[in-house]
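Tertiary structure, described
So the chains spell out like this:
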Amino acid sequence: AARVLAVQLGEPLPLDATLPAGWSTDEHRVLIRAHVTDIARDVPACLSAIGATGASVRGLDVTGASLQDVFMALTGRELRE
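Residues numbered from 1 in each chain as written. Predicted model: local features only at pLDDT ≥ 70, side-chain atom pairs only at ≥ 80, totals over all residues. Heavy atoms only, no water.

With that out of the way, let us pick up the sheet that holds strand 2 (residues 24-25). Across the sheet, which stays open at both edges, the 4 strands sit in the order 2-3-1-4 with antiparallel pairing between neighbours. Either end of the sheet is taken by a strand with one partner, and the two such strands are strand 2 and strand 4 (57-63). Pairing analysis gives 6 bridges linking strand 1 (residues 3-9) to strand 4, with the strands arranged antiparallel. In the sheet register, Leu9 faces strand 4, and the bridge partner there is Val57. (Pairing = 2+ DSSP bridges. Helix = DSSP H or I, 4+ residues; strand = E, 2+ residues; numbered from the N terminus.)

What follows is the structure, encoded as structure tokens:
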């Protein structure tokens with residue numbers, strides 16, 4: 001299922017940075033949105049691509065995914081209570 005990854009940057013994305021096809025940014029260039037289908041594959045790839053621009057990531061949110069999905073994607077482990 002397609003989900004939307006929203007990444008909040010610590011500073012505006014450099015003007016010379018090019019975003020992959022299908023990605024968008026807000027007018028201040030501090031919020032990037034990308035459609036992802038495989039969280040485990042796509043989230044790390046997105047963060048790597050953003051890091052390559054020199055921008056820092058302040059936060060991220062995946063809409064349409066549970067917290068469990070995001071935790072598993074980032075850590076490879078189940079979230080336990």
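Following the structure, the description resumes.
This next bit is on unusual backbone geometry. The backbone of Arg29 shows a phi angle near 60 degrees, a positive value even though the residue is not glycine. Mapped onto the secondary structure, Arg29 falls in the loop between strand 2 and strand 3 (31-36).

Moving on, we come to a nonpolar patch on the surface. A cluster of nonpolar side chains, contributed by Val57, Leu60 and Leu74, occupies part of the molecular surface with about 230 Å² of accessible area. Within the secondary structure layout, Leu74 lies in helix 2 (residues 67-75). With relative accessibility at 48%, the residue Leu74 sits in the partly exposed group. (Patch = residues over 30% accessible without salt bridge, like charges linked within 9 Å, V, L, I, M, F, W, Y side chains within 5 Å. Areas by Shrake-Rupley, 256 points an atom, 1.4 Å probe, with all protein chains shown as cover. Salt bridge = Lys/Arg side-chain N within 4 Å of Asp/Glu carboxyl O. Buried < 20%, exposed > 50% of the residue type's maximum accessible area, 1.4 Å probe, protein only.)

Here we take up the nonpolar core. In terms of nonpolar packing, the biggest core is built from 17 residues, with Leu5, Leu9 and Ile50 touching the most fellow members. The leading source of residues in this core is helix 1 (residues 39-52), at 4 residues. With near-sequence residues (within four places) excluded, Leu5 lies in contact with Ile32, Arg33, Ala34, Val36, Val43, Cys46, Leu60, Asp61 and Val62. (Core = buried A, V, L, I, M, F, W, Y, C linked by side-chain atoms within 4.5 Å. Contact = heavy atoms within 4.5 Å.)

Mapping Leu9 onto the fold places it in strand 1. By relative accessible area, Leu9 is classed as buried at 1%. Leu9 sits 50 residues away from Gly59 along the chain, and the two C-alpha atoms are 7.0 Å apart. Excluding anything up to four places from it in sequence, Leu9 contacts Arg29, Val30, Ile32, Ile50, Ala55, Ser56 and Arg58.

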